Amino acid sequence: MCGIVGYIGNQEAAPILLDGLTKLEYRGYDSAGLAVFDGENINIVKAKGRLQVLRELTGDGKALKGCIGIGHTRWATHGAPSVTNSHPHHNAKETIAVVHNGIIENYMKLKEKLIKKGYTFISETDTEVVAHLLDYYYNGNPVETIAKVMHRVEGSYALGIIFKDHPDKLYAVRKDSPLIVGVGEHENFIASDVPAILKYTRNVYFIENEEIVELSKKDVHFYNSDVEEIEKEMSEVKWDISAAEKSGYEHFMLKEIYEQPKALRDTISPRVKNGEIVIDELTMTEEDIKNIKKIFIVACGSAYHAGVNGKYVIEGAARIPVEVDLASEFRYRNPILEEGTLVIIISQSGETADSIAALREAKSRGIKVLGIVNVVGSTIARESDNVMYTWAGPEIAVATTKAYSTQLSALYLLAMYFGKVKGTLAKEEYSDMLKELMLLPDKVQTILGDKENIQFFANRYVGAKDVFFIGRGQDYAVSLEGSLKLKEISYIHSEAYAAGELKHGTISLIEEGTLVTAVLTNEELYKKTISNIVEVRTRGAFVLAVTNEDNILDKETADYVIYIPKTHKYFTSSLAVVPLQLFGYYVSVGRGCDVDKPRNLAKSVTVE
Ligand code: AGP
């Protein structure tokens, strides 16, 4: 996600902003920019690509004079990576500059209103809407102005703002995106994360939602959304830089597992308006959707596993036949792609070579391609006919977690939308699914609260040699992901099997003490999977079961049980995967593996 740094004090601001942004590079970004007030004007310099480009443009910041400024590294969500779309954004008169981290969900509606009032826009971003909204409401009092804007915008934001006619002040406000205040000696800072300011101070204020901050070089004032001044406690940061980059988590992977509730909210909420699913990015008409005769979902690794899951949901809700293919197979097997076929390419990075090749193979046959992608402006995003972004934010750990989870949610949204358009999804079922979909982030949060239980169990299996994951239907699909998580970061051999398939050979591998993880969340298949559990237990397996909280399993059935909250039958994998992610993570930690950078693996496989 984006990085924000702001400075006000007696030193030149630009070098300090660049230094702070450098400490936030780990968050992932595609462009950067600075705005510094030199006493006369707010001077803005922006650049696409790495921070080094901005350093070169500004002579390491020396060319930008002034002691108050804001800086930003952008992770594109609305609008591809470009100089125009990078932050800071400003109003037409360039008397207000703003940097933003988050997603303004109602930015299109606000943009239309501002255009009607004569405002013109130069970028595709939601942030530029904030710059013009600040201009529109500006009454000479920045705190009052910010409060008015807060009441109009919906979504998540952390904002750093400077006003030309308040040259001795820096402003900030946040809602659902992190922002802190750093307190120095005759200088003060804002930053989206602690690493940016640790070099200068360990004294910080953690800004709460909808608190407005006014900073001068000598003091800091806080206001609530009613513009009433409030008192806050200052904290002292004890972390070192490395811990701070992971927000105190030991690894990026654990941080990203815990970011899943927010990632799901950011991916789902903007696409649910007034009780209806709205997928603005789809240029397909309802007629186009009704004419889809077959869907191919094509991807690699975890993205492929999401596709296997998506098959069940799309076929169940929209009754469209779905074939799921590994991209490395699809690209060479001369697939039969007839008229009325839709190809969906799923990819976190949007740069996976096999998936790009599969996309190009489909397009070379005149087939429409929909991309479900996390990196805005990536190759797959740019070459797809339509792209539905997952808004998981940058994923640093090689083993995907939050991106996979948001891929599932994107497939749920698509399946429900298609089902609604085709009339194959009854109104009642649709609204029940929608209610459950909106509750998913909180239910994931509930499971995360039980990590000690999973950690305790994982510690007993750091010495395992072979681990099996079994399930039926979507429980099999999520077992594929659980197995990959374990093996790719702990280097323990693992296999996922359709539970009904074990007896056709693989069950010969089950020995005394072999760990078998059985996922059983599909109520209609409980009994079937339990009979498979009995099969492996009678051959000596130790069974860890992951099941719904109302499906109590006794010691005769499973040796250890992890219960997950109930949800709609199509969404259970979004909950079942969390204990499996944590299991793989804690086994890997227990084995002393390099969790975030496992051997032999890359975050994006950009070669064949
Ligand atoms: C998953 O943990 C792996 N990192 C890997 O399987 C990954 O999902 C696969 O390489 C696909 O990457 P993509 O989503 O960026 O295309």
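Our structure's up above, just so we're on the same page.
On a predicted model such as this, the values are computed, not experimentally measured, just so you know.

### Here we look at the site of the ligand
- Neighbouring the ligand are 14 residues, the closest being Ser 347, Gln 348, Ser 349, Thr 352 and Glu 488.
- Ser 349 places a side-chain nitrogen or oxygen 2.7 Å from an oxygen atom of the ligand.
- In this structure, a nitrogen atom belonging to the ligand sits 2.8 Å away from a main-chain N or O atom of Val 398.
- Against a free-state accessible area of 410 Å², the protein chains account for coverage of 91% of the ligand.
- Going through the elements one at a time, helix H10 (301-318) and helix H17 (474-490) are the ones with two or more residues in the shell around the ligand.
- Within the shell around the ligand, the residues separate by chemical class into 5 nonpolar, 7 polar and 2 charged.

### Considerations on the sheet that holds strand S26 (residues 542-548)
- Spatially, the 5 strands line up as an open sheet ordered S24-S23-S25-S26-S27, and their pairing is parallel. A single partner strand is all that each edge strand has here, and the edge strands are strand S24 (493-498) and strand S27 (560-564). The sheet shows a mean angle of 15 degrees between the axes of neighbouring strands, direction not considered.
- As paired elements, strand S23 (residues 466-471) and strand S25 (residues 515-520) share 5 bridges and run parallel to each other. For Phe 469, the partnering residue across the bridge sits in S25 and is Thr 517.
- Its contacts with the sheet put helix H18 (residues 526-537) on S23, S25 and S26, and the angle it makes with S25 is roughly 175 degrees.
- Against the sheet, helix H19 (residues 572-590) contacts S23, S25, S26 and S27, and its axis sits at roughly 135 degrees relative to S27.

### Concerning helix H1 (residues 13-22)
- Of all 10 residues that make up H1, 8 are buried, and the element is covered over most of its length.
- Among the residues of H1, Ala 13, Ala 14, Ile 16, Leu 17, Leu 18, Asp 19, Gly 20 and Leu 21 are the ones counted as buried.
- Among the structural elements, strand S1 (3-8), strand S2 (31-37), helix H2 (51-58), strand S4 (68-74) and strand S10 (188-191) are those in contact with the buried residues of H1.

### Topic: the side chain of Asn 374
- Within the fold, Asn 374 resides in the loop between strand S21 (368-373) and helix H13 (379-383).
- The class of Asn 374 is buried, set by a relative accessible area of 1%.
- Side-chain polar atoms of Asn 374 contact the backbone nitrogen of Ala 392, separated by 3.1 Å.
- With sequence-adjacent residues up to four places away left out, Asn 374 is seen in contact with Trp 75, Ser 347, Gln 348, Thr 390, Trp 391, Ala 392 and Gly 393.

### Notes on the packing of aromatic side chains
- Summed over the entire model, instances satisfying the criterion amount to 18 aromatic pairs.
- When the centroid spacing of 5.4 Å and the interplanar angle of 85 degrees are considered together, the rings of Phe 163 and Tyr 171 count as edge-to-face.
- Overall, Tyr 171 belongs to the buried group, its relative accessible area being 1%.
- An aromatic cluster is defined as three or more aromatic residues linked by ring pairs; in this entry it consists of Phe 456, Phe 457, Tyr 461, Phe 542, Tyr 560 and Phe 583.
- Above the face of the Tyr 430 ring, Lys 420 is positioned so that its terminal group lies 5.1 Å from the ring centre.
- The cationic tip of Arg 599 hangs over the ring face of Tyr 491; the distance from NZ or CZ to the ring centre is 3.7 Å.

### What about the nonpolar core?
- Core analysis: the largest hydrophobic core is formed by 119 residues, its most contacted members being Ile 295, Phe 418 and Phe 583.
- Residue contacts for Phe 418: discarding those within four places in its chain leaves Leu 282, Met 284, Ile 289, Ile 292, Ile 295, Ala 318, Ile 320 and Leu 342.
- With 28 residues, the next largest nonpolar core counts Leu 114, Tyr 119, Phe 121 and Val 173 among its residues.

### As for the sheet that holds strand S18 (residues 294-299)
- The 5 strands lie next to each other as S19-S18-S20-S21-S22, forming an open sheet whose pairing is parallel. The sheet is open, and its two edges are formed by strand S19 (322-326) and strand S22 (386-389), each paired on a single side. The average angle at which neighbouring strand axes cross in this sheet is 20 degrees, direction not considered.
- In terms of strand pairing, S21 meets S22 through 4 bridges, oriented parallel. If you follow Leu 370 over to S22, its bridge partner there is Asn 386.

### Some remarks on the side chain of His 89
- Relative to the elements of secondary structure, His 89 occurs in strand S5 (residues 89-90).
- Its relative accessible area of 2% is what places His 89 among the buried residues.
- A distance of 3.1 Å separates the side chain of His 89 from the backbone oxygen of Asn 85, its partner in a polar contact.
- Of note is the side chain of His 89, whose polar atom sits 3.4 Å from the side chain of Thr 125.

### Examining the packing of helix H3 (residues 107-116) against helix H4 (residues 127-137)
- Close contact between H3 and H4 brings their axes to 10 Å; oriented N to C, the two are set at 50 degrees. Between H3 and H4, the angle falls in the class oblique. Judged by the sense of rotation from one axis to the other, the crossing of H3 with H4 is left-handed. Contacts between H3 and H4 involve Tyr 107, Leu 110, Lys 111 and Leu 114 on the former and, on the latter, Val 129, His 132, Leu 133 and Tyr 136.
- Partitioned by chemical class, the residues of the contact of H3 with H4 number 6 nonpolar, 1 polar and 1 charged.

Rules behind the numbers
- Residues numbered from 1 in each chain as written.
- Predicted model: local features only at pLDDT ≥ 70, side-chain atom pairs only at ≥ 80, totals over all residues.
- Heavy atoms only, no water.
- Near = heavy atom within 4 Å.
- Polar contact = N/O pair within 3.5 Å; in protein donor to acceptor, adjacent residues only side chain to side chain.
- Areas by Shrake-Rupley, 256 points an atom, 1.4 Å probe, with all protein chains shown as cover.
- Helix = DSSP H or I, 4+ residues; strand = E, 2+ residues; numbered from the N terminus.
- Nonpolar A, V, L, I, M, F, W, Y, C, P; charged D, E, K, R; others polar.
- Pairing = 2+ DSSP bridges.
- Axes fitted to C-alpha atoms, helices over the stretch in contact; angles between N-to-C directions.
- Contact = heavy atoms within 4.5 Å.
- Buried < 20%, exposed > 50% of the residue type's maximum accessible area, 1.4 Å probe, protein only.
- Phe/Tyr/Trp six-rings, centres within 6.5 Å; stacked < 30°, edge-to-face > 60°.
- Lys NZ or Arg CZ within 6 Å of the ring centre and 35° of its normal.
- Core = buried A, V, L, I, M, F, W, Y, C linked by side-chain atoms within 4.5 Å.
- Parallel < 35°, antiparallel > 145°, perpendicular 65-115°, else oblique.
- Left-handed = near helix turned anticlockwise from the far one by under 90°.

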